[in-house]
Amino acid sequence: MVKTKGNAKKFGMHPRNVLRQPPDYTKLAIKYKDFRKECELELNGKVSVNFRNENTLRELTKMLLKEYFDLNVDFAPGSLVPTLALRLNYILWLEDLMEPLKLKEIKGIDIGCGSSCIYSLLGAKKNGWHMLALESKLQNIEYARENVKKSQLEDLIEVYAQPEKTSIFKSYFEKDQQELQYHFCLCNPPFFDSNLSNPFGGNTRNPERRPAPNNARTGSQEELTCVGGEVRFVQRIIDESLENKLRVRIFTTMLGVKANLPRILDYLKERQVANVTTTEFHQGHTTRWAVAWSFHAELLSQERSCS
Ligand SMILES: C[S@@+](CC[C@H](N)C(=O)[O-])C[C@H]1O[C@@H](n2cnc3c(N)ncnc32)[C@H](O)[C@@H]1O
């Protein structure tokens, strides 16, 4: 079993994360009407934000994307409302992984872009990255395409309708005549196992399950579950990476459960994938884990790696 050096206290939010300092919600509530409607005014004249309310989270994320990145985003009803601090931490880590490559143009793949298409939008708007956004849920595809259009990023982002939920790159790569090479892929996988009778569970003593979130849980069952949960989903990415070793320079994925990290590292090790690194994303009370692997000669930075 591969052991990780995980030490949550060692890492804070990424140093370049614009949300490292909490935003001035009172000022923002004055500026954004729809967000203001969701805020509560305290006796001291400051506003407070109820993170346990889904509508509040929705307006908060929309407002922050507009304020910090001038992105116009909407989310399909009932779909996952992404938290911006975490998505930014992931994008900033990708920037760090890309930096030593000194590339003029960067092409990335967003596996399961959701209705928001948030990672692709951030990558394109913030860094000018070309993004291929893969999504299997019809309603999410429609919203993602509309979000790309509203933000005038059609030149940089292609949203591809994934025909099979069990496939990752296969369908797109098979029909791609140009055989384009990508520099990275990213993924926030469906976490929960659809085979379980109660996939979202409530038993926080069970390490298989994620602890109860501080924020309202958002997202449909179709978006958040898959057969075998995130471990099986990520194993599928690994399997397909072995078939497409040179099509993507650095494969990455996030993990929602700490106990799944050693499982994924073991899976990589069993397949003789040695160029691997990991990191942790910290935002408030929430921690997530991420893994990167590559079949290229340049070694991934081992700064936050596993032993
Ligand atoms: C946990 S959500 C992440 C959404 C978005 N990336 C985010 O972070 O907010 C996972 C998404 O992957 C999609 N999905 C599931 N299986 C997929 C597959 N094989 N290919 C592409 N998308 C998939 C789901 O419909 C869902 O929108």
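Residues numbered from 1 in each chain as written. Predicted model: local features only at pLDDT ≥ 70, side-chain atom pairs only at ≥ 80, totals over all residues.

Caption draft 1: Quick peek at the nonpolar core. Counting 69 residues, the largest nonpolar core has Tyr90, Ala133, Cys185 and Ala290 as its most contacted members. For this core, the element with the highest residue contribution is helix 4 (residues 84-98), accounting for nine residues. Residues in contact with Tyr90, not counting those within four places in the same chain, are Tyr119, Leu186, Met254, Phe281 and Ala290. (Core = buried A, V, L, I, M, F, W, Y, C linked by C-beta atoms within 7 Å. Buried ≥ 20, exposed ≤ 12 C-beta atoms within 10 Å, placed from the backbone. Helix = DSSP H or I, 4+ residues; strand = E, 2+ residues; numbered from the N terminus. Contact = placed C-beta atoms within 7 Å.)

Caption draft 2: Layout of the packing of helix 9 (residues 229-243) against helix 10 (residues 260-270). The contact between helix 9 and helix 10 brings their axes to 10 Å, and the two run at 25 degrees. One element, helix 9, and the other, helix 10, form an angle in the roughly parallel class. Handedness of the crossing formed by helix 9 with helix 10: right-handed. Between helix 9, through Glu230, Val231, Val234, Gln235 and Ile238, and helix 10, the contact on the second element is made entirely by Asn260, Arg263, Ile264, Tyr267 and Leu268. Here the contact of helix 9 with helix 10 is composed, by residue class, of six nonpolar, two polar and two charged. (Axes fitted to C-alpha atoms, helices over the stretch in contact; angles between N-to-C directions. Parallel < 35°, antiparallel > 145°, perpendicular 65-115°, else oblique. Left-handed = near helix turned anticlockwise from the far one by under 90°. Nonpolar A, V, L, I, M, F, W, Y, C, P; charged D, E, K, R; others polar.)

Caption draft 3: Seen up close, the UniProt feature "binding site: S-adenosyl-L-methionine" (unreviewed entry) in the chain. Taking the numbering used here, the UniProt-annotated feature "binding site: S-adenosyl-L-methionine" (unreviewed entry) corresponds to Arg87, Gly112, Glu135 and Asn188. One can find Gly112 in the loop between strand 3 (107-111) and helix 5 (118-127). When near neighbours in sequence (up to four residues on either side) are disregarded, Gly112 contacts Leu134, Glu135, Cys187, Asn188 and Pro189. Along the chain, the position of Asn188 falls in the loop between strand 6 (182-187) and strand 7 (192-193). (UniProt positions renumbered as here; feature names shortened; annotations may be inferred.)

Caption draft 4: Quick peek at the site of the ligand. Every one of the 24 residues lining the ligand counts as a neighbour, but Pro82, Gly112, Gly114, Lys137 and Asn188 are closest to it. When the residues that make up the shell around the ligand are grouped by side-chain class, the tally is eleven nonpolar, eight polar and five charged. (Near = placed C-beta within 6 Å.)

Caption draft 5: Structural view of the sheet that holds strand 3. Ordered by their spatial adjacency, seven strands build an open sheet running 5-4-3-6-9-11-10, and the pairing between neighbours is mixed. Since the sheet does not close on itself, it has two edges, and those belong to strand 5 (157-161) and strand 10 (276-283), each with one partner. Adjacent strand axes in the sheet meet at a mean angle of 20 degrees, parallel and antiparallel pairs treated alike. When strand 4 (residues 130-135) meets strand 5, the two strands line up parallel, connected through five bridges. Note on strand 5: the bridge partner recorded for Met131 is Ile157. Contacting strand 3, strand 4, strand 5 and strand 6, helix 5 runs over the sheet at an angle of about 175 degrees to strand 4. Docked against the sheet, helix 6 (residues 138-150) engages strand 4 and strand 5, running at close to 170 degrees with respect to strand 5. (Pairing = 2+ DSSP bridges.)

Caption draft 6: The pairing of strand 6, seen in detail. Counting buried positions along strand 6 gives five out of six residues, so the element sits mostly inside the fold. Bridge count for strand 3 against strand 6 is four bridges, and the pairing is parallel. What sits directly across from Gly108, in strand 6, is Phe184. In this sheet, strand 9 (residues 248-255) lies alongside strand 6 in parallel orientation, the contact comprising three bridges. Within strand 9, the residue paired with Tyr182 across the bridge is Val248.

Caption draft 7: Structural view of the environment of Lys31. Within the secondary structure layout, Lys31 lies in helix 1 (residues 25-31). For Lys31, a count of 12 C-beta atoms within 10 Å gives the class exposed. Sequence separation between Lys31 and Cys117 is 86 residues; the distance between their C-alpha atoms is 25 Å.

Caption draft 8: Layout of the confidence of the model for the chain. Of the residues in the chain, 89% reach a pLDDT of 70 or more, and the chain-wide mean stands at 89. Below pLDDT 50 for its whole length, residues 1-9 participates in 20 contacts with residues either more than four positions away or in separate chains. In the model output, the complex is listed with pTM 0.91 alongside ipTM 0.99. (pLDDT = per-residue confidence, 0-100.)

Caption draft 9: Seen up close, the environment of Pro23. Within the secondary structure layout, Pro23 lies in the segment before helix 1. The class for Pro23 is partly exposed, based on 16 C-beta atoms found within 10 Å. Residues Pro23 and Val73, 50 residues apart in the sequence, show an inter-C-alpha distance of 19 Å.

Caption draft 10: View of helix 10. Looking only at helix 10, the buried set comprises Asn260, Ile264, Leu265 and Leu268. For helix 10, the angular spread of the buried residues around the axis is 140 degrees, confining them to a single face. Exposed and oriented more than 90 degrees from the buried face of helix 10 are Asp266 and Glu270. Summarising the contacts, the buried residues of helix 10 are in contact with helix 9, strand 9, strand 10 and strand 11 (286-293). (Arc of directions from axis to C-beta.)

Caption draft 11: Fine view of the pairing of strand 11. Note: strand 9 against strand 11, five bridges, orientation antiparallel. Paired with Phe251 across the two strands is Trp293, which belongs to strand 11. With eight bridges joining them, strand 10 and strand 11 adopt antiparallel strand pairing. Bridge pairing in strand 11 links Thr279 to Ala290. Once strand 10 ends, the chain turns through two residues before running back antiparallel as strand 11, passing Gly284 with a positive phi of about 55 degrees.

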